[in-house]
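# Fold and contact review
So the chains spell out like this:
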Amino acid sequence: MEAARAARLLLVLCGCLALPPPAAPVCPERCDCQHPQHLLCTNRGLRAVPKTSSLPSPQDVLTYSLGGNFITNITAFDFHRLAQLRRLDLQYNQIRALHPKTFEKLSRLEELYLGNNLLQALAPGTLAPLRKLRILYANGNELGRLSRGSFDGLESLVKLRLDGNALGALPDAAFAPLGNLLYLHLESNRIRFLSKNVFAQLGKLRFLNLSANELQPSLRHAATFAPLRSLSTLILSANSLQHLGPRVFQHLPRLGLLSLRGNRLAHLAPEAFWGLEALRELRLEGNRLSQLPAALLEPLRSLEALDLSGNELSALHPTVFGHLGRLRELSLRDNALSALSGDIFAASPALYRLDLDGNGWTCDCRLRGLKRWMGDWHSQGRLLTVFVQCRHPPALRGKYLDYLDDQQLQNGTCADLAPSVSPTADGQRWSSAPATGEEMAPRTGGLAGELQPRPQPQQRGRLLPGVAWDGAARELVGNRSALGPSGRGPGVQQPGPSAAAAAEWAPQPRDLLEEAEPGRPALADPEPAEPTPTAAPHSAPPPAGHPWQRAAKQLLAAQQPESAAQAHGGLGLPPLVSDPCDFNKFILCNLTVEAVGADSASVRWAVRGHRSPPPLGAARFRLLFDRFGQQPKFHRFVYLPERSDSATLRELRGDTPYLVCVEGVLGGRVCPVAPRDHCAGLVTLPEPGGRSSVDYQLLTLALLAVNALLVLLALAAWASRWLRRKLRARRKGGAPVHVRHVYSTRRPLRSMGTGVSADFSGFQPHRPRAPVCALGEADLIEFPCDRFVDSGGGGAGGSLRREDHLLQRFAD
């Protein structure tokens, strides 16, 4: 009975072992199914969509990636079982057409990527089942046209990419079903015309890119962009646009970025940008603009960045930037500008990045206002470095405007009378002041008769009432001391040829109250090769009885003693300094540091007596400071007001070394050489109440002491060991040395009670015991005495041979 039960149990076990194993999930060939929700078949060399019937639960797949293969055809059943699919990637294949029922079961699909294939059309109704689709990429295909029903059913679409195709025209209301679309890419196509209703129903669109197309030369119809009320970015660059009509963007109240770069724009209507009150960035680089209408930028009250580089601008209206109060970045590089007024940027107090490089600047008196404005704004830390490199005249070619003084800018046929005057292409001048329509007729006599030059055919502009005459008088007096270096000492300048010429224009004190004599000869005209601004005729001065003329008389009378002193070699007057390097070297002195605290320090310096040319004004100072050894050096500095002789540094770090330097600023210019002679070091005090700082000297001494103690302990240990060895050697010096310590390498000697070696007894067990010889303490092996006694038969030779034999046998 028990045997039968055992047999049945054995049969059951054998049956269980013979059953086939359960089927494991099978992944499509060449795909990766490590995660049940992600099916990855990217870059596997596939030529058709793998079958998903072997998957245990294809409805769980959320992501299906098939990009980078050689798939050419999509059937109606390739995605039939993937009802829960959220993302489908078919990019970088060779798909030429889509079956109309390809996406019939993918009602939950949110992202579809069809870019970089060979699609030639999107048949109407193909994408209709994708009600929840949010992202559609169809870029980089061969789409030549769009049907009105191509995007039916895509109410949830947010981003659409159609760039890099061959679209030549867009039908009316082609994007009407896409009411929630936010981003539309149409760049790099062949679009030539935009109909009025092409963007209908796109009221939520925020981004539109139409760059690198073939748009018609003129963009005139404002109704084209009328539906795009929420548009914030419009890119029209790299087209063939030549003209913008008036108010073409008037229906884009939220537009923040407009790019028109790389077109052929040669003319802009004065109202081209009307309605763009929210525009923050305007890019017009790479066009053919030669002038800008005065009212072109007036509506752009919120503009922060303007790029006009790479055009053909030769002149700018003085008020063209007059309404850009928020402008921060302006690029005018690579144009044809030769002169620019200084106060053209005065209405943009937020301007900090200005690019004027790559123009043909003529460094003469017309750039004085620009140089003065740049110096003022640099001194206030409001403007980054501006590079204005001279191209004309040849003597100043390659030099930068920052490093030129007013004496080098005296060439030219102009006077810096009105900073708002800027040359135009036709040789005329605009003025920010209203024109009176008639010239002021001067009287012959008084100071007017003395200073009135003869008119020349190159006369440009006219004097502005209330501004020009006072500036001319001041410049006349100032140019009398437009000096060159003298041999009397550093920084002292004597009248040169230009100053002498200017002095000829200045009347003597007796002439201030006299009328001009009828037969008095006229003053000679200045040399045409190097005319000075004061000698260049511009306009007639005001009448002799005018209050401004009386003020000019008083100013010249006050400056007369200075002229007389200069006529006698400048005796009795302090040196005239116009170079910041000379000011630092000879005028600035005695830099000291006082009242150093934990977070503040006072710096004081002295200034020797000197004079500055009137155009430069009084000297200012720049204080440079930073922690000692900081790289880069002096990235922190402070500009101080005029006539300062001390400053207090605050918010310093306690118990920290600092290096402080001071240098002069003349006319907005600083010396390009570092002010090494006027630097001082200081160490701030430790912060009160804070944690005591670590005394590094005391810490170093403590570490050295610990190291010395460790070395002494090591030496003591070594010395004690050496002494123990010496004492042990002395203690054992008289004792006999055991032979086994010298010769034996076998096991140590064991005492045998009978006095016979165990080794010897082992080798000759059959021989009878014999009396043994007396053993000494130095013997290693005990031998029987009869082994070493000659038996008489061998004689001495036999005994020796026996001894050699024993030694060879038992020797170690």
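Above this text you will find the structure in question.
We now turn to the structure provided with this report. Keep in mind it's a predicted model, so treat the numbers as computed, not measured.

## A word on the overall build of the protein chain
Each helix and strand counted, the protein chain has 10 helices and 33 strands in total. Considering the protein chain as a whole, with its 812 residues, one finds that 41% of them fall into the buried category. Expressed as a percentage of contacts within the protein chain between residues at least 6 apart in sequence, the contacts between residues at least 24 apart total 61%. As displayed, the protein chain has an accessible area near 43700 Å², and 54% of this comes from carbon and sulfur atoms.

## Topic: the environment of D32
You can see D32 is positioned in strand β1 (residues 32–35). Classification of D32 as partly exposed rests on a relative accessible area of 22%. A sequence separation of 10 residues divides D32 from T42, and the C-alpha atoms of the two residues are 9.0 Å apart. Once you skip the residues sitting within four places of it in the chain, D32 turns out to touch C27, H38, L39, L40 and R44.

## Things to note about the state of the cysteines
By definition, a disulfide links two cysteine residues through a covalent bond between their sulfur atoms. This structure, assessed with the given rule, holds 5 disulfides. The partner cysteine of C581 in its disulfide is C671, sulfur to sulfur 1.9 Å. Handedness here is read from the sign of the S-S torsion; for C581 and C671, about 90 degrees, the answer is right-handed. A residue pair is termed long-range when its members are at least 10 positions apart, and C581 in helix α7 (residues 580–587) and C671 in the loop between β32 (657–665) and β33 (679–683) qualify at 90 residues.

## A word on the sheet that holds strand β12 (residues 218–219)
Pairing is parallel in the open sheet, where 3 strands are placed in the order β12-β14-β16. Single-partner strands in this sheet number two, and they are β12 and β16 (267–268). With 2 bridges joining them, β12 and strand β14 (residues 243–244) adopt parallel strand pairing. Of the residues in β14, the one forming a bridge with L219 is L244.

## Let's talk about the sheet that holds β33
As summarised here, the arrangement of the 4 strands in space is β30-β29-β32-β33, forming an open sheet in which the pairing is antiparallel. Taken across any chain shown, the strands that pair with only one partner, and hence form the sheet edges, are β30 (637–640) and β33. The sheet shows a mean angle of 20 degrees between the axes of neighbouring strands, taken without regard to direction. Examined bridge by bridge, strand β29 (residues 620–627) and β32 share 8 bridges and lie antiparallel to one another. Considered in β32, the bridge of D626 is made with L659.

## Concerning the pattern of salt bridges
Following the criterion strictly, the structure yields 13 salt bridges and no others. The salt bridge involving R604 is made with E594; its shortest N-O contact spans 3.5 Å. With a gap of 10 residues between them, R604 in strand β28 (residues 600–607) and E594 in strand β27 (residues 588–594) connect regions that are remote in the sequence. Among the ionic contacts, a cluster of salt bridges with common partners joins R333, D334, D355 and D357.

## Focus: a positive patch on the surface
A surface patch of positive charge is lined by R721, R724, R725, R728, R731 and K732. With respect to the element layout, R731 can be found in helix α8 (residues 696–731). Given the relative accessible area of 67%, R731 is considered exposed.

## What about the nonpolar core?
F175, F249 and F273 are the most contacted members of the largest nonpolar core, which totals 116 residues. Not counting residues within four places of it along the chain, the set of residues in contact with F249 comprises L219, F225, L234, L236, L244, L258, A272, F273, W274 and L276.

## Some details on the packing of aromatic side chains
What the rule picks out here adds up to 12 aromatic pairs. With a centroid separation of 6.0 Å and an interplanar angle of 85 degrees, the aromatic rings of Y64 and F79 are classed as edge-to-face. Linking Y64 in strand β3 (residues 63–65) with F79 in the loop between β4 (73–74) and β5 (87–89), this pair joins segments that are 15 residues apart in sequence. Taking relative accessible area as the criterion, Y64 reaches 0% and is therefore assigned buried. For the pair F387 and Y400, a centre-to-centre distance of 5.8 Å together with 65 degrees between the ring planes defines the contact as edge-to-face. Of this pair, F387 sits in the loop between α2 (368–379) and β22 (390–392) while Y400 sits in the loop between β22 and β23 (422–423), placing them 13 residues apart in sequence. Residue classification places F387 among the partly exposed residues on the basis of a relative accessible area of 45%. Given a relative accessible area of 32%, Y400 falls into the partly exposed group.

## Describing the environment of F249
Inspection of the secondary structure assignment puts F249 in the loop between β14 and β15 (257–259). Between the alpha carbons of F249 and A272 there is a distance of 7.3 Å; along the sequence they are 23 residues apart.

## Remarks on the pairing of β33
Side chains A680 and L682 of β33 all project onto a buried face; the interleaved residues C679, G681 and V683 project onto a face where none is buried. Of the pairings in the sheet, the one linking β32 to β33 comprises 5 bridges and is antiparallel in character. Bridge pairing links L659 to G681 in β33.

## Focus: the side chain of S65
Along the polypeptide, S65 turns up in strand β3. Leaving out residues up to four positions away in the same chain, S65 has contacts with L39, L40, C41, T42, R87 and D89.

## Concerning a nonpolar patch on the surface
The grouping of V706, L709, L710 and L713 at the surface amounts to a nonpolar patch, some 390 Å² of accessible area in total. In this structure, V706 sits in helix α8.

## Quick look at unusual backbone geometry
The peptide bond linking H392 to P393 adopts the cis configuration, its omega dihedral lying at -5 degrees. You can see P393 is positioned in the loop between β22 and β23. Unlike most non-glycine residues, A173 shows phi in positive territory, near 55 degrees. Counting through the fold element by element, A173 comes out in the loop between β9 (159–161) and β10 (183–185). Phi is positive for R247, which is not a glycine, with a value near 55 degrees. Judged by its relative accessible area of 29%, R247 falls in the partly exposed class.

Definitions and cut-offs
Residues numbered from 1 in each chain as written. Predicted model: local features only at pLDDT ≥ 70, side-chain atom pairs only at ≥ 80, totals over all residues. Heavy atoms only, no water. Helix = DSSP H or I, 4+ residues; strand = E, 2+ residues; numbered from the N terminus. Buried < 20%, exposed > 50% of the residue type's maximum accessible area, 1.4 Å probe, protein only. Contact = heavy atoms within 4.5 Å. Areas by Shrake-Rupley, 256 points an atom, 1.4 Å probe, with all protein chains shown as cover. Disulfide = S-S within 2.5 Å. Pairing = 2+ DSSP bridges. Axes fitted to C-alpha atoms, helices over the stretch in contact; angles between N-to-C directions. Salt bridge = Lys/Arg side-chain N within 4 Å of Asp/Glu carboxyl O. Patch = residues over 30% accessible without salt bridge, like charges linked within 9 Å, V, L, I, M, F, W, Y side chains within 5 Å. Lys, Arg positive; Asp, Glu negative; His and termini not counted. Charge placed at Lys NZ, Arg CZ, Asp CG, Glu CD. Core = buried A, V, L, I, M, F, W, Y, C linked by side-chain atoms within 4.5 Å. Phe/Tyr/Trp six-rings, centres within 6.5 Å; stacked < 30°, edge-to-face > 60°.

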